[in-house]
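# Per-entry structural report
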Amino acid sequence: MADLDSNVAGKDYGLDRPQTVPGSAVKGSDQLDFGMRHRLARIFKDDGRTVMLAFDHGYFQGPTSGLERIDLSIVPLAPHADALMATRGIFRSVIPAGSDNALVLRASGGPSILKELSNERIAMDVNDAVRIDAAAMAVQVFIGGENETQSVHNMTQLVDAGLSTGIPVVGVTAVGRELVRDARYLGLATRIIAELGAQVVKTYYCEENFEHVTAACPVPVVMAGGKKLPVLDALTMAWRAVDQGASGVDMGRNIFQRRDPIAMVQAVKAVVHGGASPADAAQMYADLSGGAED
């Protein structure tokens, strides 16, 4: 039988301090439901930043260079990233279920690179995102594209589904060849995506006034890596984006197409979470890769 006297003596009601719940480090998330905040906390670390590894390219362009064998190229990188962005087919067939990474699930699709890319649809049911235990769902939004309204509708439908299940939505700005990646366009696209309910926005970096893009967006902006750049240029872009208000990066080709992808993802992480300068991170890449220059 329990010792009732010792139970009474051991109670602590903390009368000298009120109950508090720590606020979220994720921009704009304090009034979201618990489940959604819990999922966002998987993606964004305590500093409010993330290093996301994107390898969902195959959903519209097939076996991209560096992604021919994801089990060989991506799985070894996973322990060094905070979140993985891919399709449900890849998550189920290749990524180990024991992975600790937050899973950002590509939820839109339709046309291939042979067709008009903006003609996308929602490509899965939200219940499958629940089954996969996705931390977020990603949808492409083609502001200014031929099928702009359709892509916006895709996103708003997904936002409604996400609110009903506690799964955040990442709205991805899709910039076609005919659109200029400047602060005016990116500010327009990111603000529309956030205004219509996405909890995170992924967009490109621009050389001038990127801080205006991030400041005017009420939810986290994650920088898209885009095409492969020289190591120092890629790390400089990541540093500048975070310095100017981005909540992290979502890089793909700038990591998995390197001669030493594991060294590169560690260098990117040093910039985003460790505050390393581009020069120091580039030296880190050189040291870890044995002097690779790419």
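Please read these numbers as outputs of a predicted model, since none were measured by experiment.

A few words on the sheet that holds strand β1 (residues 50-54). The parallel closed barrel is built from eight strands, whose spatial order is β1-β2-β3-β6-β7-β8-β9-β10. The average undirected angle you get between the axes of adjacent strands in this sheet is 25°. Here strand β2 (residues 83-86) pairs with strand β3 (residues 102-106) via four bridges, running parallel. Bridge assignment links A86 to a residue of β3, and that residue is L105. Here helix α2 (residues 34-43) sits on the sheet and contacts β1, β2, β3, β6 (136-141) and β8 (200-203); the angle it forms with β3, its principal contact strand, is near 100°.

Looking now at the packing of aromatic side chains. Scanning all chains against the criterion turns up two aromatic pairs. One residue, R181, lies across the ring of Y204, its end atom 3.8 Å from the ring centre.

F55, L84, L235 and V268 are the most contacted members of the largest nonpolar core, which has 75 residues in total. In contact with V268, not counting residues within four places along its chain, are V51, L235, V249, M251 and I255. Grouped together as the second largest cluster of nonpolar side chains are 17 residues, V26, A83, A136 and V222 included.

Another point: the environment of L84. Tracing the backbone shows L84 in strand β2. Note: C-alpha distance between L84 and A102 (18 residues apart in sequence) is 6.3 Å. Apart from the residues within four sequence positions on either side, L84 is in contact with L53, F55, A78, F91, I95, S99, N101, A102, L103 and V104.

Burial along β8 is two-sided: the residues V200 and K202 and V201 and T203 are all buried. Bridge count for strand β7 (residues 169-173) against β8 is three bridges, and the pairing is parallel. The partner of V172 across the bridge, within β8, is K202. On the question of chirality, the crossover connecting β8 to the parallel strand β9 (residues 221-224) by way of helix α9 (residues 210-215) is right-handed.

Cut-off values and rules
Residues numbered from 1 in each chain as written. Predicted model: local features only at pLDDT ≥ 70, side-chain atom pairs only at ≥ 80, totals over all residues. Heavy atoms only, no water. Pairing = 2+ DSSP bridges. Helix = DSSP H or I, 4+ residues; strand = E, 2+ residues; numbered from the N terminus. Axes fitted to C-alpha atoms, helices over the stretch in contact; angles between N-to-C directions. Contact = heavy atoms within 4.5 Å. Phe/Tyr/Trp six-rings, centres within 6.5 Å; stacked < 30°, edge-to-face > 60°. Lys NZ or Arg CZ within 6 Å of the ring centre and 35° of its normal. Core = buried A, V, L, I, M, F, W, Y, C linked by side-chain atoms within 4.5 Å. Buried < 20%, exposed > 50% of the residue type's maximum accessible area, 1.4 Å probe, protein only. Right-handed = clockwise from strand over helix to strand, strands pointing away.

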